[in-house]
Amino acid sequence: MSRPASDLIALLDVLKRTLRVAPAPGEPMPMILWENIGYLVDDARRRRLFDAFDAAVGLTPEAIAAASDGVLLPLARDGGMRPEIRVERWRTIARIVLDRCDGDLEAALRSLPPPKARALLKMFPMIGDPGADKVLLFAGIAVRPCLESNGVRALARLGFFGEQASYDRSYKAAVAVLEATGRTDRAWLVDAHERLRALGKTTCKRGAPICAACPLDATCAHAAAGSL
Ligand code: SF4
């Protein structure tokens, strides 16, 4: 049997005291660039690449559209494989914001009903349903729970829902757990997204969880079952 969603509120309080979350952008355009800044890079490198991009180009669509290959390509090469594709993606981001949002993505999103705002976000490279929901939540445009894959995995191992046949179904089950907590405030939902992601990246890893180092070890269904 799954544990009650209300347990999650106390667990997140523990994570808040024990797990550091690195700051990341919370506005739509920077969030999208953040996702597209490198190829399979960790958070620290992503931050370095993003700051270098900001310093060399800027984060406005006008600046990105006006930047030459000579400026963009070296930045893209620092981000790993397929730099040309990354440059094209940066230009696509700028083009969508300029052509479809009159240069202001956040204002465009705020002017739309949530399903249309979501559809607009999914036009950007590397932004699917969870990414669109994350942008809408973090920017306070549509406050509804969302997670990324590390958080989904951690919630399942913690015993909040049983194994599902597909990632899509697991994602929905994980979001339903957040909904069932009854928490609807943006700050808490953003924190839940970030702390559960950090948990999945630090101890509740995809391959093998490191339960001995996990702040939730004493209360975790997975650890208690000894199924490591
Ligand atoms: S105790 Fe282990 S399985 Fe449970 S959340 Fe922590 S790392 Fe994951």
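Note that this is a predicted model, so its numbers are computed, not measured.

Draft legend 1. Main features of the overall build of the chain. Across its full length, the chain carries 13 helices and zero strands. Counted from the first residue to the last, the chain has its helices and strands arranged as α-α-α-α-α-α-α-α-α-α-α-α-α. Computed over C-alpha atoms, the radius of gyration of the chain comes to 19 Å, within 12% of the 17 Å expected from 2.2 N^0.38 for 228 residues, which places it in the range of a compact globule. C-alpha atoms of the chain, sized along the principal axes, occupy 55 × 35 × 35 Å. Expressed as a percentage of its 228 residues, the buried residues of the chain come to 34%. Across the chain, contacts joining residues at least 24 apart in sequence account for 62% of those joining residues at least 6 apart.

Draft legend 2. Local environment of helix α5 (residues 69-78). Along α5, the positions that sit buried rather than exposed are Leu72, Leu75 and Ala76. One side of α5 carries all its buried residues, which in axial view fall inside an arc of 100 degrees. Summarising the geometry of α5, the exposed residues directed more than 90 degrees from the buried face are Gly70 and Pro74. Looking at the buried residues of α5, the elements they touch are α3 (43-56) and α6 (83-100).

Draft legend 3. Seen up close, the environment of aspartate 42. Here aspartate 42 is to be found in the loop between α2 (28-35) and α3. Taking the number of C-beta atoms within 10 Å as the measure of exposure, aspartate 42 has 10 and is therefore exposed. Considering only alpha carbons, one finds aspartate 42 and lysine 201, 159 residues apart in sequence, at a separation of 9.8 Å.

Draft legend 4. Broad picture of the site of the ligand. Neighbouring the ligand are 14 residues; Cys204, Pro209, Cys211, Cys214 and Cys220 lie closest to it. Listing elements by their share of the shell around the ligand, those giving two or more residues are α10 (149-157) and α13 (221-225). Class assignment for the residues of the shell around the ligand results in ten nonpolar, two polar and two charged.

Draft legend 5. Structural detail: the packing of α10 against helix α11 (residues 167-180). For the pair α10 and α11, the least separation of the axes is 9 Å and the interaxial angle reads 70 degrees. Overall, the two elements α10 and α11 adopt an arrangement that is roughly perpendicular. Facing Gly151, Val152, Leu155 and Ala156 of α10, the residues of α11 in contact are Ser170, Tyr171, Ala174 and Val177. Its residues placed into classes, the contact of α10 with α11 shows six nonpolar, two polar and no charged.

Draft legend 6. Representation of the domain arrangement of the chain within the structure. The assigned domain composition of the chain is domain 1 (7-22 + 145-225) and domain 2 (28-138). Each of domain 1 and domain 2 was reduced to a C-alpha centroid, and the two centroids are 27 Å apart. If you look at the interface, domain 1 gives nine residues, while domain 2 gives seven residues. In terms of residue count, the dominant contributor to the side of domain 1 that touches domain 2 is helix α12 (residues 186-202) (four residues).

Draft legend 7. Main features of the packing of helix α9 (residues 129-138) against α12. Relative orientation of the contacting elements α9 and α12 amounts to 140 degrees, with a least axis distance of 10 Å. In terms of their interaxial angle, α9 and α12 are classed as oblique. When you trace α9 past α12, the crossing you get is left-handed. Across the interface between the two elements, Lys134, Leu137 and Phe138 from α9 touch Arg186, Leu189, Val190 and His193 from α12. When grouped by side-chain class, the residues that make up the contact of α9 with α12 number four nonpolar, one polar and two charged.

Draft legend 8. Seen up close, the nonpolar core. Counting residues in each nonpolar core, the largest one holds 30 residues, and the members touching the most others are Ile32, Leu33, Ile93, Leu121 and Val135. Elements that contribute at least two residues to this core include exactly α2, α3, α5, α6, α7 (105-110), α8 (114-121) and α9. Not counting chain neighbours up to four residues away, the residues in contact with leucine 121 comprise Ile127, Ala132 and Val135. Counting residues in each nonpolar core, the second largest holds 25 residues, with Leu15, Cys146, Val152 and Cys214 among its members.

Draft legend 9. Summary view of α12. In this model α12 runs 24 Å from its N-terminal to its C-terminal C-alpha over 17 residues, within 8% of the 24 Å that 1.5 Å per residue would give. Within α12, the full set of buried residues consists of Leu189, Ala192, His193, Arg195, Leu196, Arg197, Ala198, Leu199 and Gly200. The secondary structure elements touched by the buried residues of α12 are α1 (7-18), α9, α10 and α11.

Rules and cut-offs
Residues numbered from 1 in each chain as written. Predicted model: local features only at pLDDT ≥ 70, side-chain atom pairs only at ≥ 80, totals over all residues. Helix = DSSP H or I, 4+ residues; strand = E, 2+ residues; numbered from the N terminus. Rg over C-alpha atoms; globule rule 2.2 N^0.38 Å. Buried ≥ 20, exposed ≤ 12 C-beta atoms within 10 Å, placed from the backbone. Contact = placed C-beta atoms within 7 Å. Arc of directions from axis to C-beta. Near = placed C-beta within 6 Å. Nonpolar A, V, L, I, M, F, W, Y, C, P; charged D, E, K, R; others polar. Axes fitted to C-alpha atoms, helices over the stretch in contact; angles between N-to-C directions. Parallel < 35°, antiparallel > 145°, perpendicular 65-115°, else oblique. Domains from an automatic or database assignment. Left-handed = near helix turned anticlockwise from the far one by under 90°. Core = buried A, V, L, I, M, F, W, Y, C linked by C-beta atoms within 7 Å. Expected span 1.5 Å × (residues − 1).

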